[in-house]
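Secondary and tertiary structure notes
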Amino acid sequence: MLKQLTVFVENKQGALVDITDTLAANHVNLRALSIADTQDFGLLRLIVNDNDTAASVLQEKGYVLKITDVIGVKIGDQPGKLSTALSVLAQAGVNVEYLYAFMARTEKHAYVVIRPTDNAAAEKALEAASFHLITNADVEKL
Amino acid sequence: MEQRYYQKEIETMPVEEIKKLQSEKLVKQVRHVYDNVPYYRNLMEEKGVTPEDIHGIEDLYKLPFLTKADLRDAYPYGLLAKPLSECVRIQSTSGTTGRRVVAFYTQHDVDLWEDCCARAIVAAGGTNEDVCQVAYGYGLFTGGPGLNGGSHKVGCLTLPMSSGNTERQIQFMTDLSATILCCTPSYAAYIGETLKEQGYTPDQIPLKAGIFGAEPWTEEMRRGIEKTLGIKAYDIYGLTETSGPGVSFECCEQTGMHINEDHFLAEIIDPDTGEVLPEGSKGELVFTSLDKEAFPLLRYRTRDICVLSRKKCSCGRTLIKMAKPMGRSDDMMIIRGVNVFPSQIETVLLKEGYEPNYQIVVDRVGNTDTFDVNVEMTAEMFSDTVSGITEQEKALANAMKVMLGINPKVHLVAPKSIVRSEGKAVRVIDKRKLHD
């Protein structure tokens, strides 16, 4: 299963750049990211090439973070492909808390990161529908 | 269990007799102070009151207050009422809130103080069969010397450990079967955790009771310590200005601390007006020493906010009880007409599993107070969804509403984002312009 890093970010100037600078200085590559924000705070969700390094350098700087299991799905770069994946989940009775997408540098594929309400059920349903799920090891090669 | 007392006659004296005794002692104490302490005589003269105006405790309100600022002004000898040749001891405060306070004791004063501590130990079930481990600091701090003296008076085998060196504390506790532990509640909790880590279960720990004070602690903390150590935990209250620990102490009922009224006369006043409030009202606690020789303070304002109660106690003691102080009058806020103490917020946070890192922001928009509480997120409580965090904020706000009676807006903020000045966090920001 794919591991995502979620970081609690304060809503203030320079909060994000401090995180990206810290990761850059420690040679952590970002593959995908998304931000959810409210009036008070933001949640920065990251898929990186090296979770352990990213987590430890951010924790050292006092950030609160969590490593969450998410589903990474390879989606053909054609209209309607994402809909197919989502309908598979809907039919399996799995809700989506959030999702975000990214493109690979080399292949003609899009990838979607999904945080479903039930990881195991989502995984099962997508694999049964012949979707290719990716892991952190795959991410390093993308 | 048979209820025992250290000084039964005083501790179970009918209320009318205690009041009569207090009145007699007060008249003498006021005369002693007036004759020997020019600083306080001046305050009395400014108020136009003389010892002849004081016939008993009903006249107490006529006397001027003493505050911490007076103690600073009069440092070191300005409030001393006996020649130094008759004094045998000093004790001192840590001085964290300004210039330190130095209190003086004659042998009579030391005895009186140790008697108070002995009453506390007996109320916690202590007898001469007990082994009493005193892990309060010894030295200028009153905790160690006070309980040490009380333990001697009861006849316990006293282990004068002082604080720190937890390994050694545990070794003496287990090797010599200590039955009573006296220390700060936070140190008791720490010793308990260490014992647990070393594999001790509560029934393997010889302790049966603990006497914990010198810092604020919550009821949750009490239950935690009692469970880990397998003991009953008793609260004790006191301040260097009046003598030290033992001004009041808890009995088996654990519903407030009996004040040693034969030595310390308590009042509750309105912190803003200085007006004496009727029994049962919440206000600032004021103490008048009744028979101290060297450092007798009259109407000393403790800044502690609490409530007194004469409700009959099942332990048989007739001494008035004070509730655990709810906060300090210096940091009490009135928000939307309700008294709010930072300590109440702290209690909620600890209960809900957060660290007590918070900041209260009060403002006034139009004619309504806004009440925001910023709480630092912790790694343990962190949820990775917006809805999760919003739910947490709501749950905290609800818990605070139950405690305070008014609804705050809670914001979870990044760790260490709450401004700390000189190591101490700024707990309250009041932006209201309530005074011109």
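Residues numbered from 1 in each chain as written. Chains lettered and ligands numbered in written order. Predicted model: local features only at pLDDT ≥ 70, side-chain atom pairs only at ≥ 80, totals over all residues.

**Observations regarding the overall build of chain B**
Rules: Numbering goes from the N terminus for both helices and strands, where a helix is a DSSP run of H or I of at least four residues and a strand is a run of E of at least two. Put simply, a residue is buried when 20 or more other C-beta atoms lie within 10 Å of its own C-beta and exposed when 12 or fewer do; between those, it is partly exposed, and each C-beta is set from the backbone. Note on contacts: residues are paired as contacts if their backbone-placed C-beta atoms lie within 7 Å.
The number of helices and strands found in chain B is 11 helices and 23 strands. Within chain B, the proportion of its 436 residues that are buried is 43%. Long-range contacts, defined as pairs at least 24 residues apart, comprise 66% of the intrachain contacts of chain B with a sequence gap of at least 6.

**Topic: helix α10 (residues 342–351) of chain B**
Residues and elements named next belong to chain B. For α10, the set of buried residues is Ile 345, Thr 347, Val 348 and Leu 349. Contacts from the buried residues of α10 go to β18 (358–365), β19 (368–376) and α11 (386–404). Looking one or two residues past α10, Gly 353 carries a phi angle of roughly 95 degrees, positive in sign.

**Quick look at the nonpolar core**
Soluble globular proteins tend to pack their nonpolar side chains together in the buried interior. All names here are of chain B. Note the cut-off: Here, a nonpolar core denotes buried Ala, Val, Leu, Ile, Met, Phe, Trp, Tyr and Cys residues that are linked to one another through C-beta atoms within 7 Å. All domain edges in this entry derive from an automatic or database-based domain assignment.
Counting residues in hydrophobic clusters, the biggest one holds 93 residues, and the most contacted among them are Ala 120, Ile 121, Ile 180, Cys 182 and Ile 211. Both domain 1 (89–328) and domain 2 (332–430) contribute no fewer than three residues apiece to this core. Contact partners of Ile 180, with chain neighbours within four places excluded, come to Ile 121, Ala 124, Gly 126, Asp 130, Cys 132, Gln 133, Cys 156, Leu 207, Ala 209, Gly 210 and Ile 211.

**A word on the interface of chain B and chain A**
How big an interface is tends to be expressed through the accessible area that disappears when the partners come together. Rules: Think of it as three bins: nonpolar holds Ala, Val, Leu, Ile, Met, Phe, Trp, Tyr, Cys and Pro, charged holds Asp, Glu, Lys and Arg, and polar takes everything else, Gly as well.
Taken together, the 14 residues of chain B in the interface contact 13 residues of chain A. The dominant element in the side of chain B that touches chain A, judged by the number of residues it contributes, is strand β20 (residues 409–413) of chain B, at 3 residues. Taken together, the residues of the side of chain B that touches chain A sort by class into 8 nonpolar, 4 polar and 2 charged.

**Structural notes on the confidence of the model for chain B**
In low-pLDDT regions, the fine details of the predicted coordinates are not to be read closely. Rules: As a per-residue quantity, pLDDT reports the predictor's confidence and falls between 0 and 100.
In the predicted model, chain B carries a mean pLDDT of 91, and 96% of its residues have values of at least 70. The complex prediction reports pTM at 0.67, with the ipTM value standing at 0.78.

**A look at the sheet that holds strand β13 (residues 308–309) of chain B**
Residues and elements named next belong to chain B. Rules: If DSSP finds at least two bridges between two strands, the strands pair.
One open sheet accounts for 9 strands, arranged β4-β3-β5-β6-β7-β8-β9-β14-β13; its pairing is mixed. Either end of the sheet is taken by a strand with one partner, and the two such strands are β4 (157–160) and β13. In this sheet, strand β9 (residues 257–259) lies alongside strand β8 (residues 244–250) in antiparallel orientation, the contact comprising 3 bridges. Counterpart to Ser 248 in the pairing with β9 is Ile 259.

**Notes on the environment of Leu298(B)**
Within the secondary structure layout, Leu298(B) lies in the loop between β11 (283–289) and β12 (300–306). The sequence separation of Leu298(B) and Phe287(B) amounts to 11 residues, and the corresponding C-alpha distance is 7.0 Å.

**Focus: the packing of helix α7 (residues 166–175) of chain B against helix α8 (residues 185–197) of chain B**
Residues and elements named next belong to chain B. So the rule is basically this: To define axes, lines are fitted to C-alpha atoms, for helices over the stretch in contact only, and angles between the resulting N-to-C directions are given on a 0 to 180 degree scale. Every angle not falling under 35 degrees, over 145, or within 65 to 115 is termed oblique; those three ranges are roughly parallel, roughly antiparallel and roughly perpendicular.
Viewed as axis vectors pointing N to C, α7 and α8 meet at an angle of 75 degrees, and their least axial separation amounts to 10 Å. The orientation of α7 relative to α8 falls into the category roughly perpendicular. Contact residues: Thr 166, Gln 169 and Ile 170 in α7; Tyr 190, Ile 191, Thr 194 and Leu 195 in α8.

**Looking at the sheet that holds β18(B)**
Residues and elements named next belong to chain B. Taken together, the 4 strands give an open sheet; going across it, the order is β20-β19-β18-β23, and neighbouring strands pair in mixed fashion. The sheet is open, and its two edges are formed by β20 and β23 (428–430), each paired on a single side. Taken over all neighbouring pairs, the strand axes of this sheet differ in orientation by 20 degrees on average, direction set aside.

**Remarks on the packing of α10(B) against α11(B)**
All names here are of chain B. Short version of the rule: It is the rotation of the near helix from the far one that decides the hand of a crossing: anticlockwise by less than a right angle makes it left-handed, clockwise makes it right-handed.
With their axes 10 Å apart at the nearest point, α10 and α11 run at an angle of 135 degrees to one another. When the interaxial angle is binned, α10 and α11 end up oblique. In this structure, α10 meets α11 at a crossing whose hand is right-handed. Here Gln 344, Ile 345, Thr 347 and Val 348 of α10 come into contact with α11, specifically with Ala 399, Met 400, Met 403 and Leu 404. A breakdown of the residues in the contact of α10 with α11 according to their chemical character gives 6 nonpolar, 2 polar and no charged.

**With respect to the pairing of strand β6 (residues 109–116) of chain A**
Along any regular strand, the residues point their side chains to alternate faces of the sheet. Residues and elements named next belong to chain A. With 6 of 8 residues buried, β6 lies mostly within the body of the structure. In this structure, strand β4 (residues 65–76) lies alongside β6, joined through 6 bridges in antiparallel fashion. Residue pairing in the sheet places Gly 72 in a bridge with Val 113 of β6. By the bridge criterion, 7 bridges tie strand β5 (residues 96–103) to β6 in an arrangement that is antiparallel. Bridging from a neighbouring strand, Tyr 98 pairs with Arg 115 of β6.

**Things to note about the pairing of strand β5 (residues 180–183) of chain B**
Residues and elements named next belong to chain B. Residues Ile 180 and Cys 182 line one face of β5 and the alternating positions Leu 181 and Cys 183 line the opposite face, and both faces are buried. Bridge count between strand β3 (residues 131–134) and β5: 3 bridges; the pairing is parallel. By the bridge assignment for β5, Val 134 is matched with Cys 182. Pairing of β5 with strand β6 (residues 209–213) involves 4 bridges; the strand directions are parallel.

**A closer look at unusual backbone geometry**
With glycine set apart, most residues show a phi of negative sign, and most peptide bonds adopt trans. Cis peptide bonds are those with omega within 30 degrees of zero, and the linkage from Tyr75(B) to Pro76(B) qualifies with -5 degrees. Along the chain, Pro76(B) falls in the loop between α4 (68–73) and β1 (87–92). Phi at His27(A) is positive, roughly 60 degrees, even though this residue is not glycine. Residue position: His27(A) is located in the loop between α1 (15–25) and β2 (30–37). Its identity is not glycine, yet Ser162(B) carries a phi of approximately 60 degrees, on the positive side. When you line up the elements, Ser162(B) lands in the loop between β4 and α7. Taking the C-beta count within 10 Å as the criterion, Ser162(B) has 18 such neighbours and is therefore assigned partly exposed.

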